[in-house]
Amino acid sequence: MRRKIALGEGETGRVACAPAMAFRGLDTISGEVLNTAALGERVGWLTGLVESMAAGVIGGHWSRSELILLSSGIAPSGERLPSNAWMALRTLGWTATVPEGLYAPDRVRRVAEEQAGRVLRSAQWRAELVDAVLTTWPAGADPMKRTEEEWAALRDTCPQGAAVPASVFRSCTRQVLRFETAHRRLPADLCELEAAPGGGRQVVLAAADKQLATLVRCEDDPARYAVLTVRLPVRPDPRTRADWRPVRIRFRLPPTIDATAALHAPTLRLRGGRLRLDIAHTTAVPATRRSGHSRAVAFDYGLNTLLTGGTLTPTGGIQPGVLTDGQPVFLRMNGVLAKADRLRILAEQLWAKAAHLETLLDGQRALGRCLDPATAAKLALLRTEHARVSKRRQHLNMQIAKAAARFMVDHARATGASVIYLEDLRDMEARGKGRTLNTRLSGSVRGQIVADVRHQAARHGIAVVIVPARGTSKYCPRCLTAFRHHTAPDSTRPGWKWATCPHPDCGYSADRDVAAWQRIGARGLQHQHLTVLDRTTGTYLIRRTVQELDQPVRHPKPTHPGPSELGPRSVFADRTKAGPMRSSPVPRQRRRVPAPPGTPASTGPGGKRPAGRPPQSPTHRTRRRGGRQAPHTMSTPNRHTPRGARLGAGFHLHTHATPLKQRPRRDPRLFSHRGEHPPPRRKT
C-alpha cells in the first residue's frame, strides 16, 4: 500500500491528509450489501476492540520510568528500538492482549499496539515539561509570577526550552496548581498528574499489511474513486476466524487528491454513525527554501481587521535594506467574527444554566432524594444544545482559518513572493484588557491559521516563516523610533489603534497593523540567514534577532505618467470631482456671504447665490451607514457595511478582502487528473 512517487529536480514529496466518507460496503463472502448503518456498526465493533486493547497497553505501562525507556530508543538489552511504534513495543515485550474468549487477527493486535505506542511516545514531551516545572517550582512564591531568573532556570531545565512558548509553561503551572489545591501536595510526575489516556477511538491501518486491508484506485474511474478492502467482524464478540470477513468499500476521493498522488493506508473513524476515512497521500511539489528570498509578503494579525499585509523586497548589499510599495492589503471579517462572538456568548449561557442544574441535582443526591425527572431532562437538553453550538463554533473557526490562509497564499502567488512572514504569538495571553477584549483575543484562531497557511503554501513551494513579534508594533518602520499610540488619526486621546512617529524628520502616521506588517517583513528578510527548521512541528522559525541588522523600511515615491501619456481610459486618470477644477473656483475664492437681495430701485435681478456648492452641515450624510456588525472596543473610521447581492451570500457576505493585483497563474497539474483543462482567462 505504501508507494513512492517520482521527484524531479527541485521537488519534494508533500504528505497530506484529506477526509472522505463511505456510505456502503459489500461483504465479499456472503454478498450482502451493507448500508451506512450496517457498515458503521461493523466498523464500530472493530474500533471498540482496538480501543480496549490499546487502552490496556497504555494503562499497563503508564509510568515515568517506562516512558523514559521507550523514548530513549534503546532496549534494556542494548538493541536499538525500531521507528515503528508497534515494533518497538514488541521488542520491549509490551504486547496487546485480546480479551478472553474473543479472537482477533495478529494484524488487529498490531494496529492496537501502534496506537498505544504513539500515545506513549507523545506523552514523553509533556512529561519532560512537567518535570521542568516541578524542578524549578518557586517555594513560598506565586509560580504564576516568575522572575526573569526563574524563567531562565525553567527554560534551561526543560529540553529545548528556548523554543517552548511561555503560554505552555503557564498552562502546565495551572494544571499543577489545581492538583496541589485538591491534594495539598505537588505531584511526583506526569503519570500522577494525569490519568492514562485512551487510544483515540480510531483504527490506524498504516500499521497493517495487505492481509488486513488493501487500498487501490478504482479501475473504472481511478481519478475519482478508490476501493478499500478491510476485514471487519460480523459480530460484536468475534469468536473464531470465520467471524472476520473482508468488506469492500468503494468511496469517492476528495478533489484535493491528485491523480498522480500515491495513496497510503487510511485511518478509520466514526462520525455520527458514519464511516470517515482519513486518506493520506503524497504528491510532488516545489521545494521551499529557508533563505535567499528576493520577494516576500508579511501579515499582521488584528482584532477587527483579521489580516493586514503587503509586499516587501530586499535591496541587497552587505547590510541590505527593505523596500515596500506601501500598498497594504486587508482581510476584514467583522460580520463573521461577530457571529462567532454571539455563538460564544450563547455557549457560555448554556454552560452556566447546565452547571446550575447540575448543582441542584448534586444536592438532591447528597440528601438521598430522588432526582427530579424534569430537571434531569432539562439538563440533558441543555447539554445537547451546548454540544451543537460548540460544533457550529468549531466549523466557523475552521472556515475563518481556511479563508485567511487562502487570502495570504493567493497574494503571495500574485506578487511572485517565495516566503510568507508571520509573527509568533504563541506567548500571547489576553490579560488586563477587560473581560470582553480578553475573551475575543483568547478565542481567535491564530494557530489554526498558521497550520492551514503552511498546508496551502507548501503546495506552491512557498515557505512560511514565523518571526519574533516583540516590538513590531512599537517602533516606526521608517526610522525605528518608538511610536505614540492613540485612538484615531483625528484624536490625540491615548489608545492602541493608530500610531504616529514623534521624530520631527519622519512624522510617519499609519494604522498600527499597517506599521506592524512592515516591521514583520523587514525583520524576516534581514534575518533570513538565521531561519531554522523546528523538527517537532516542521515550521521555519527565526528564534533570535540581531539589533544591528534592523534597518528602516523605505517607501519609494511612485512615478506617475504625465498628462500626455494618459489615455482616455487610463487607470491613472483621476475623474473624481472631489477637488477643485479649472471651470470652478477654488474653495478660498468662494463668497461666504450671499449678495443682498434685489430692491425695486435696482435694474438688474436680485442677489446671486455664492460660487460653488451651498454650505452643508458637516454632520449631514446623504447615505446613512448601517450599524456595526461586531463588538468594537474603540472608534475607527472604517465600518463594516454588508450590502447583500453586491458582496455575495452566506459566509462571504460578511467578508471583505482586498482584490488581487493580478490573477495568479494556474498550475496545469491541478487539472490534469480530472481530464479537464484550465478555464480561459478573461481579458481585462
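Because the structure is a prediction, the values reported are computed rather than measured.

Looking at chain direction, strand β4 (residues 203-204) and strand β9 (residues 267-271) are connected through two bridges and run antiparallel. Each bridged residue has a counterpart across the sheet, and for Val-203 the counterpart in β9 is Leu-268. Pairing of β9 with strand β10 (residues 274-286) involves five bridges; the strand directions are antiparallel. For Arg-269, the partnering residue across the bridge sits in β10 and is Arg-276. Where β9 folds back onto β10 in an antiparallel hairpin, the turn is made up of two residues, including Gly-272, whose phi is positive at roughly 65°.

Among the residues of helix α2 (residues 64-72), those classed as buried are Arg-64, Leu-67 and Leu-70. On an axial view of α2, the arc spanned by its buried residues comes to 125°, and they lie on one face. Each element contacted by the buried residues of α2 is listed here: α3 (85-92), α4 (106-135) and α7 (190-193).

Tracing the backbone shows Val-453 in helix α11 (residues 446-458). By relative accessible area, which is 0% here, Val-453 ends up buried. In the structure, Val-453 is positioned 49 residues away from Ala-404 in sequence and 7.9 Å away in space, judged by C-alpha atoms.

The next point concerns the packing of helix α1 (residues 36-60) against α4. At a minimum axis distance of 8 Å, the contact between α1 and α4 shows a crossing angle of 50°. One way to sum up the angle between α1 and α4 is to call them oblique. Relative to α4, α1 is oriented so that their crossing is right-handed. Along its contact with α1, which presents Leu-46, Val-50, Met-53, Ala-54, Val-57 and Ile-58, the element α4 presents Val-108, Arg-109, Val-111, Ala-112, Gln-115, Ala-116, Val-119 and Leu-120. Tallied by class, residues from the contact of α1 with α4 come to 12 nonpolar, one polar and one charged.

As a further point, take the sheet that holds strand β19 (residues 498-500). With respect to topology, four strands assemble into an open sheet ordered β18-β17-β19-β20, the strand pairing being antiparallel. Two strands lie at the open edges of the sheet, namely β18 (491-494) and β20 (509-511), each paired on one side alone. Sheet twist, expressed as the mean angle between neighbouring strand axes with direction ignored, is 45°. Where β19 lies against β20, three bridges are found, and the strand directions are antiparallel. Its bridge partner lying in β20, Trp-498 is registered against Asp-511.

Below, the discussion takes up the nonpolar core. Formed by 73 residues in total, the largest nonpolar core has its most connected members in Leu-39, Leu-205 and Phe-251. In terms of residues, this core owes the most to one element, α4, which gives 13 residues. With residues near it in sequence (within four places) discarded, Leu-205 still touches Leu-212, Ala-213, Leu-228, Val-230, Ala-265, Pro-266 and Leu-268.

A few words now on the confidence of the model for the protein. Caution applies to low-pLDDT parts of the model: their predicted coordinates are not meant to be read in detail. The share of residues in the protein with pLDDT of 70 or more is 79%, and the mean pLDDT across the chain is 82. Per-residue pLDDT stays below 50 along residues 560-579; that stretch engages in six contacts with residues further than four places along the chain or on separate chains. Here residues 620-648 is modelled with pLDDT under 50, and outside its nearest four sequence neighbours on either side it reaches 48 contacts, counting other chains as well.

With a phi close to 55°, Gln-160 is a non-glycine residue in the positive phi region. In this structure, Gln-160 sits in the loop between α5 (148-157) and α6 (166-183). In this structure, Arg-184 is a non-glycine residue whose phi angle is positive, near 60°. Topologically, Arg-184 is positioned in the loop between α6 and α7.

Evaluated as defined, the whole model comprises two cavities of 30 Å³ or more. What the largest cavity holds in volume is close to 90 Å³. Lining of the largest cavity is provided by Val-297, Phe-299, Gly-310, Thr-311, Asp-325, Gln-327, Val-329, His-411, Ala-414, Thr-415, Leu-660 and Lys-661. Sorting the residues of the lining of the largest cavity by element identifies β11 (296-301), β12 (305-314) and α9 (373-415) as the ones contributing at least two each. For the lining of the largest cavity, the class distribution of residues is five nonpolar, five polar and two charged. Within this model, the second largest cavity holds a volume of roughly 40 Å³. In terms of lining, the second largest cavity is formed by Pro-143, Met-144, Arg-146, Trp-151, Leu-154, Phe-169, Arg-170 and Thr-173. Listed by contribution, the elements that provide at least two residues to the lining of the second largest cavity are α5 and α6.

About the criteria used
- Residues numbered from 1 in each chain as written.
- Predicted model: local features only at pLDDT ≥ 70, side-chain atom pairs only at ≥ 80, totals over all residues.
- Heavy atoms only, no water.
- Pairing = 2+ DSSP bridges.
- Helix = DSSP H or I, 4+ residues; strand = E, 2+ residues; numbered from the N terminus.
- Buried < 20%, exposed > 50% of the residue type's maximum accessible area, 1.4 Å probe, protein only.
- Arc of directions from axis to C-beta.
- Contact = heavy atoms within 4.5 Å.
- Axes fitted to C-alpha atoms, helices over the stretch in contact; angles between N-to-C directions.
- Parallel < 35°, antiparallel > 145°, perpendicular 65-115°, else oblique.
- Left-handed = near helix turned anticlockwise from the far one by under 90°.
- Nonpolar A, V, L, I, M, F, W, Y, C, P; charged D, E, K, R; others polar.
- Core = buried A, V, L, I, M, F, W, Y, C linked by side-chain atoms within 4.5 Å.
- pLDDT = per-residue confidence, 0-100.
- 1 Å grid on protein atoms, 1.4 Å probe; cavity = no way out; pocket = protein on both sides within 12 Å on 5 of 7 lines; lining within 4 Å.
- Points joined across faces, edges and corners; volume = space filled by probe spheres on them.

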